[in-house]
Structure formats: structure tokens, C-alpha cells
Amino acid sequence: SRGWMITSPCERCEGEGWIVGFGLVDLKIPAGITDGTLLPFPGFGGAETGISSGPRRVRVKVSRHPFFRRKGQDVICKVPVTERAAREGSTIVVKTLRGKKQEVTLPPDTDDGTTMRLRGEGIESDGRFGDQIIEIRVIHPPRHKSGGKA
């Protein structure tokens, strides 16, 4: 058998030709990326002796938001309103994805589940914006039991 014997190995890699390590690196995440997307991460893959490190890919995990739910480029939010505001009509203030506060007018006799659309307030992707869809949730006051003495 023939081969090479390393007589004075590098202290850092101990003659293996590579090291395993952890560190912080910057990675540009494009706007509008979806959960599970694989992004190229050049220069950090496995390497062989005499060959530069190969490609590496990073799988993106998009966290859930407590108020917004994503559907394509649109974002959906549920906004609670009182029974009276839905019945009589009113103006409500809704927070947008980018932190603005937008006034929205509810017409009289708005039903539970009614949706309204804020054009261009959704997710950006390739320079285009989706919409923000507001789903109205009518909150009914609790009913008290009538009856005997406590």
C-alpha cells in the first residue's frame, strides 16, 4: 500500500485537512421568502484535500407571527370588534405588517367573518406586494345566568 504520512500535522486540524467549528456568519435573506426555502451558502460545505470547500445550503425556517398569518403574498389578521360596533358601524384602527396604523370603516350590520382588504400591505416578493386581509371577529358580551339568590 502506498500513501502519504504527515510527519508534522497542523495543530489546528491535527493533519485531517479540515476542522469543524461554529461561528456567526451573515446571510442575506430575501424579502418574501417562504418557509422551507433552501438558500445557497457558498464556501462552507465539506472539502477534500486540495479542493476548495463546496456548496452548502441553509433551510430557512420562518417563525409564526402572533397576529398575522401568511397566505402566499397576502397576510391575514383577525380583528375583534364589539357587537355594537359591528351592528352600528364604526371606524377601527388596524396595525399593518410594517407597523403603520390604518383606519378602516366598518359599515353598519357587519357580520362576523366579514373580510376587508388593504391593498399593498402584504408580503413583498420581487418588488410586488400582497394585500392585508382583515377578518372581522364579532365579540359577543358574556351572558349572565339569571336566577336565585347567591
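Residues numbered from 1 in each chain as written. Predicted model: local features only at pLDDT ≥ 70, side-chain atom pairs only at ≥ 80, totals over all residues. Heavy atoms only, no water.

(A) Structural view of unusual backbone geometry. Although it is not a glycine, Asp-109 sits at a positive phi angle of roughly 60°. Secondary-structure assignment places Asp-109 in the loop between strand E6 (101-106) and strand E7 (115-118). Given a relative accessible area of 56%, Asp-109 falls into the exposed group. The phi torsion at Asp-126 lies on the positive side, around 55°, for a residue other than glycine. Tracing the backbone through its elements, the reader meets Asp-126 in the loop between strand E8 (124-125) and strand E9 (128-129). (Helix = DSSP H or I, 4+ residues; strand = E, 2+ residues; numbered from the N terminus. Buried < 20%, exposed > 50% of the residue type's maximum accessible area, 1.4 Å probe, protein only.)

(B) Summary view of the nonpolar core. Val-81, Ile-92, Val-94, Val-104, Ile-134 and Ile-136 are the most contacted members of the largest nonpolar core, which has 16 residues in total. Looking at this core, the elements that each hand over two or more residues are strand E4 (74-82), strand E5 (90-95), E6, E7 and strand E10 (132-139). Looking at this core, the element that brings in the most residues is E4, giving four residues. (Core = buried A, V, L, I, M, F, W, Y, C linked by side-chain atoms within 4.5 Å.)

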